[in-house]
Amino acid sequence: MRQLEITGPRTVQWREAPAPVLGGDGEALVRPLAVALCDLDAVFLSGAIPIAEPFPFGHECVAEVLEVGDTVKTVVPGDRVVVPFQISCGTCAACAAGRTASCRTVPRGSAYGMRPLGGDWGGALSDVLRVPYADAMLVALPEGVEPTQLASVADNVADGYRAVAGPLAAAPGEEVLIVGGWARSIGLYAAACALALDASRVVYADTDEGRLERAAALGAETVAVAEWPKKLGRFPITVDASGDHAGLHAALRSTAPDGTCTSVAIYFEPETPVPLLELYTRGCTLHTGRVHARAVIPDVLALVAAGRLDPALVTSAVVAFDDAPAALAEPPTKLILVA
């Protein structure tokens, strides 16, 4: 089979590789149909994370089931499914509690398409992908929804959803602020999900004109900034997608007393300053950490099926697998690749 491998900054190549085979009765083989470029993929492509050797690329996908093991009960060949980017068994204590990013059955951080960080599970930009825990991982697509619409549900849409769903469940109808930036599509998905979950007001702030235009098209109020101010108001629910210390501080200082700020950005520096005294005096909660994607994917799909959420509104471009090397040389905010 062929698989796309990242070989260096802004450089990928299609290469031949042995096709995966079923390794147990609970496994499945799937054929990726639509693969989305994750915000972290863009970091790999930028060269910010050094690439010691080529590895299979891509981890957000919708796929068609090709073959299943004898004990698989939830899917059959021909089904179209979301393939969560993280590997999870579904039965350990962490998975049972909904903390599927912390599955105890596999090595910590196990995921597709990120071998330096997540182990050697293959990449979604390939002809065939092996799913080790088919019943636990695979989620069927709603009827009538195209794979391109849902490719990013495997990771980034789920990440945007969890940033606002919990806080809005605790405080229905509250106002939400999203500080955009590094997590360039996750921030937009957070805005779309907040609107779908009936936030009374959603404000999206960013330094990037293209993302601001996309947020406005989603229905959010937009605030353009050249550099981050100390704060942007007072919001019970805030989301930091900036990846910038000043942006993080703006989100935190804009969090209302007893409010919640969720940071979906990754800060690669060994130390990140946080204005803890200000958070302490206002009683604010700061949450950061990896999304437990598999646990929230059904909730995201329910919003899509109900017509309340359309992830395709964030999509910048859809191109064929064959055109992936050229498209990934200068990728847009949200690129979808189709087989």
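Values in this document were obtained by computation on a predicted structure and should not be read as measured data. (Residues numbered from 1 in each chain as written. Predicted model: local features only at pLDDT ≥ 70, side-chain atom pairs only at ≥ 80, totals over all residues. Heavy atoms only, no water.)

1. What about the overall build of the chain?
Right, on to step 1. Secondary structure assignment for the chain yields 12 helices and 16 strands.
Right, on to step 2. For the chain, the C-alpha radius of gyration of 19 Å lies close to 20 Å, the compact-globule estimate for 339 residues.
Right, on to step 3. For the chain, the C-alpha atoms occupy an extent of roughly 55 × 40 × 40 Å along the three principal directions.
Right, on to step 4. A total of 339 residues make up the chain; the buried ones form 53% of that total.
Right, on to step 5. In the chain, 68% of the contacts between residues at least 6 apart in sequence involve partners at least 24 apart.
Right, on to step 6. Accessible surface computed for the chain: about 13,600 Å², of which carbon and sulfur atoms make up 52%.
Right, on to step 7. For the chain, the distance from the average site of its 25 positive side-chain charges to the average site of its 39 negative ones is 5 Å. (Helix = DSSP H or I, 4+ residues; strand = E, 2+ residues; numbered from the N terminus. Rg over C-alpha atoms; globule rule 2.2 N^0.38 Å. Buried < 20%, exposed > 50% of the residue type's maximum accessible area, 1.4 Å probe, protein only. Contact = heavy atoms within 4.5 Å. Areas by Shrake-Rupley, 256 points an atom, 1.4 Å probe, with all protein chains shown as cover. Lys, Arg positive; Asp, Glu negative; His and termini not counted. Charge placed at Lys NZ, Arg CZ, Asp CG, Glu CD.)

2. Some thoughts on the pattern of salt bridges
Right, on to step 1. Applying the stated rule across the entire model yields 13 salt bridges.
Right, on to step 2. Among the salt bridges present, the one from E60 reaches K334, with a minimum N-O distance of 3.1 Å. Taken together, the residues E60 in strand β5 (residues 60-68) and K334 in the loop between α12 (324-327) and β16 (335-338) connect sequence positions 274 residues apart. Grouping residues by exposure puts E60 and K334 together as buried.
Right, on to step 3. Across the pair R162 and D159 runs a salt bridge whose closest N-O atoms are separated by 2.6 Å. Placement of the pair is R162 and D159 together in helix α6 (residues 156-170), with a separation of 3 residues, close to one helical turn.
Right, on to step 4. On the accessibility criterion, R162 (16% relative accessible area) is buried.
Right, on to step 5. Looking at D159, the relative accessible area reads 7%, which means it is buried.
Right, on to step 6. Each member of the salt-bridge network shares a partner with another, and the members are E53, R115 and D120. (Salt bridge = Lys/Arg side-chain N within 4 Å of Asp/Glu carboxyl O.)

3. Focus: the pairing of strand β3 (residues 28-36)
Right, on to step 1. Counting buried positions along β3 gives 8 out of 9 residues, so the element sits mostly inside the fold.
Right, on to step 2. Pairing analysis gives 8 bridges linking β3 to β5, with the strands arranged antiparallel. Pairing of V30 across the sheet is with V65, part of β5.
Right, on to step 3. Sheet analysis places β3 next to strand β7 (residues 129-131), joined by 3 bridges and oriented antiparallel. (Pairing = 2+ DSSP bridges.)

4. Section: helix α7 (residues 184-196)
Right, on to step 1. Across its 13 residues, α7 extends 19 Å between first and last C-alpha, which sits within 8% of the 18 Å expected from 1.5 Å per residue.
Right, on to step 2. The buried count for α7 comes to 12 of 13 residues, which makes it a mostly enclosed element.
Right, on to step 3. Buried within α7 are the following residues: R184, S185, I186, G187, L188, Y189, A190, A191, A192, C193, A194 and A196.
Right, on to step 4. On the buried face of α7, the contacting elements are α1 (39-46), α6, β9 (175-179), β10 (201-206), α8 (209-218) and α11 (293-305).
Right, on to step 5. Directly after α7, the chain includes D198, whose backbone phi takes a positive value near 70°. (Expected span 1.5 Å × (residues − 1).)

5. Some details on the UniProt feature "domain: Alcohol dehydrogenase-like C-terminal" (unreviewed entry) in the chain
Right, on to step 1. When the UniProt feature table is mapped to this numbering, "domain: Alcohol dehydrogenase-like C-terminal" (unreviewed entry) covers residues 186-304.
Right, on to step 2. Annotated as residues 186-304, this span is 41% helix and 24% strand, and its ends, taken at the C-alpha atoms, are 16 Å apart. (UniProt positions renumbered as here; feature names shortened; annotations may be inferred.)

6. A look at the packing of α7 against α8
Right, on to step 1. One can describe the packing of α7 onto α8 by two numbers: an axis separation of 10 Å at closest approach and a directional angle of 15°. Compared by their axis directions, α7 and α8 come out roughly parallel. Note that α7 runs across α8; the crossing there is right-handed. For the pair α7 and α8, the contacting residues are R184, L188, A192 and L195 in the first and R211, R214, A215 and L218 in the second.
Right, on to step 2. Broken down by class, the residue content of the contact of α7 with α8 amounts to 5 nonpolar, no polar and 3 charged. (Axes fitted to C-alpha atoms, helices over the stretch in contact; angles between N-to-C directions. Parallel < 35°, antiparallel > 145°, perpendicular 65-115°, else oblique. Left-handed = near helix turned anticlockwise from the far one by under 90°. Nonpolar A, V, L, I, M, F, W, Y, C, P; charged D, E, K, R; others polar.)

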